[in-house]
Amino acid sequence: MSNFTINIQGTNKPGIIKFETNKFLTRHENFEFNNIDEAAKSPLAQQLFYLPFVKTVYIAQNFIAIEKYDIVDWNDVQEEVASQIEDFLNKDGVVIKEDADQTKNVPVTVYAESTPNPGVMKFVANKKLVLKTAEFKNIDEAKDAPLAQQLFHFPFVKAVFIDSNYVSIHKYDVAEWEEITLELREFITNYLQDGKEVLKAEASVPQQTEASTHPANPEVSQEIKDLDDTSKQVIAILDEYIKPAVASDGGNILFDSYNPESKTVKVILQGACSGCPSSTMTLKSGIETMLRDMLRGKVDYVEAVNG
């Protein structure tokens, strides 16, 4: 039996609700079905069409979006639909029949992008790679991350950070980027093109991940609930204002702890942020200033450790 959980998300269209999953449903294609006949290749969509209010079913990599007819309000039925989808998936129900979701020769493009850290390059794909961020400092840590394991076979790869649609690679000084970027880009492109697994579903991630605060992760969500109010506020500020900015540079910042006596927040730097020469300035002029302004009297200092 699988271990799927569902997180209900509204959209900008009141008639459409997204049911996000904590695992991939399909890796390479999106599917739209307008009736039960069109859904012949999706047993999950066919089951959903037995609900009389279902108008359209859209299946993507990690969510199912449903458009309804006006005969019901989502508030009255969304929990029941989420439960039905969750039960179907956890009984190993088939989402898309095998011959409909080809895993070979999938068009994939990858481009390389420099980061503020001269030792880190960001390789961005045109598809979602993982549902949780993960950082690996050596091949042993990457035992449940097949792509990272393969990257560590390159002798110049020092660390690997994987986020939603990109891989940040930290190199040793033995090689220059102009010598190895093309080789790495081609390797990652071919790896994804072949439909190989990036991160195993049961992967044990060595560092806390961004998915930790996601409602679909009930165990860690409970840990968040157990934190003091200031810590929760710090996490919310990091998630909303800081993480999107550093993600664009190929990195990540995680909450570690809050000391109310010294009014100090400790954070963990990952990816391009880890060991970056400009990270100290970013912490002092950016994060620390923002937390001081938004949490006056509660936060005075920010300390960072490399992930």
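Going by an unreviewed UniProt entry, the protein carries the name Fe-S cluster biogenesis protein NfuA, 4Fe-4S-binding domain and comes from Salegentibacter holothuriorum.

Caption draft 1: Main features of the sheet that holds strand β10 (residues 166-171). With antiparallel pairing, the 5 strands of this open sheet are ordered in space as β6-β7-β10-β9-β8. In this open sheet, the two strands that pair with only one neighbour each are β6 (110-114) and β8 (134-136). Put simply, the sheet's adjacent strands are angled 20° from each other on average, direction ignored. Relative to β10, strand β7 (residues 120-125) runs antiparallel, the two being bridged by 5 bridges. Paired with Phe123 across the two strands is Val167, which belongs to β10. Packed on one face of the sheet, helix α4 (residues 177-193) meets β6, β7, β9 (157-163) and β10 and runs near 30° to β7.

Caption draft 2: A negative patch on the surface, seen in detail. On the surface, a cluster of negative charge is contributed by Asp173, Glu176, Glu178 and Glu179. Among the structural elements, Glu179 can be located in helix α4. We classify Glu179 as exposed; its relative accessible area is 54%.

Caption draft 3: Representation of the sheet that holds strand β13 (residues 301-306) within the structure. The strand order β11-β12-β13 describes an open sheet built from 3 strands, whose pairing is mixed. Two strands lie at the open edges of the sheet, namely β11 (251-259) and β13, each paired on one side alone. Geometrically, the sheet is characterised by an average inter-axis angle of 30° between neighbouring strands, direction not taken into account.

Caption draft 4: Region of the structure containing the nonpolar core. Among the nonpolar cores identified, the biggest contains 31 residues, and Phe136, Leu151, Ile169, Leu184 and Leu192 are the most heavily contacted of them. Sorting the residues of this core by element identifies β7, β8, α3 (146-151), β9, β10 and α4 as the ones contributing at least two each. No other element matches α4, which puts 6 residues into this core. What Leu184 contacts, discounting residues up to four positions off in sequence, is Phe123, Leu151, Phe154, Phe156, Val157, Ile169 and Trp177.

Caption draft 5: Looking closely at helix α6 (residues 229-247). Given a rise of 1.5 Å per residue, 19 residues ought to cover 27 Å, and the 26 Å separating the end C-alpha atoms of α6 matches this to within 8%. By the largest-angle criterion, Asp239 marks the main kink of α6, which is about 40°. The complete set of buried residues in α6 reads Thr230, Ser231, Val234, Ile235, Ile237, Leu238, Ile242, Lys243 and Val246.

Caption draft 6: View of the packing of aromatic side chains. Summed over the entire model, instances satisfying the criterion amount to 8 aromatic pairs. Centroid distance Phe154 to Phe187: 5.3 Å. Interplanar angle 80°. Geometry classified as edge-to-face. With Phe154 in the loop between α3 and β9 and Phe187 in helix α4, the pair connects residues that are 33 residues apart, well separated along the chain. Judged by relative accessible area, Phe154 falls into the buried class, the value being 13%. Residue Phe187 is classed as partly exposed on the basis of its relative accessible area of 22%. Taken together, a centroid distance of 6.3 Å and an interplanar angle of 50° make the contact between Phe161 and Tyr166 tilted. Among the aromatic residues, ring-to-ring pairing joins Phe154, Phe156, Phe187 and Tyr191 into one connected group. The aromatic ring of Phe63 is capped on one face by Lys18, whose charged end is 4.3 Å from the ring centroid. Here the basic side chain of Arg292 rests over the ring of Tyr301, its NZ or CZ set 5.9 Å away from the ring centre.

Calculation criteria
- Residues numbered from 1 in each chain as written.
- Predicted model: local features only at pLDDT ≥ 70, side-chain atom pairs only at ≥ 80, totals over all residues.
- Heavy atoms only, no water.
- Pairing = 2+ DSSP bridges.
- Helix = DSSP H or I, 4+ residues; strand = E, 2+ residues; numbered from the N terminus.
- Axes fitted to C-alpha atoms, helices over the stretch in contact; angles between N-to-C directions.
- Contact = heavy atoms within 4.5 Å.
- Patch = residues over 30% accessible without salt bridge, like charges linked within 9 Å, V, L, I, M, F, W, Y side chains within 5 Å.
- Areas by Shrake-Rupley, 256 points an atom, 1.4 Å probe, with all protein chains shown as cover.
- Salt bridge = Lys/Arg side-chain N within 4 Å of Asp/Glu carboxyl O.
- Lys, Arg positive; Asp, Glu negative; His and termini not counted.
- Charge placed at Lys NZ, Arg CZ, Asp CG, Glu CD.
- Buried < 20%, exposed > 50% of the residue type's maximum accessible area, 1.4 Å probe, protein only.
- Core = buried A, V, L, I, M, F, W, Y, C linked by side-chain atoms within 4.5 Å.
- Expected span 1.5 Å × (residues − 1).
- Bend = angle between axes of the 7 residues up to and from the residue.
- Phe/Tyr/Trp six-rings, centres within 6.5 Å; stacked < 30°, edge-to-face > 60°.
- Lys NZ or Arg CZ within 6 Å of the ring centre and 35° of its normal.

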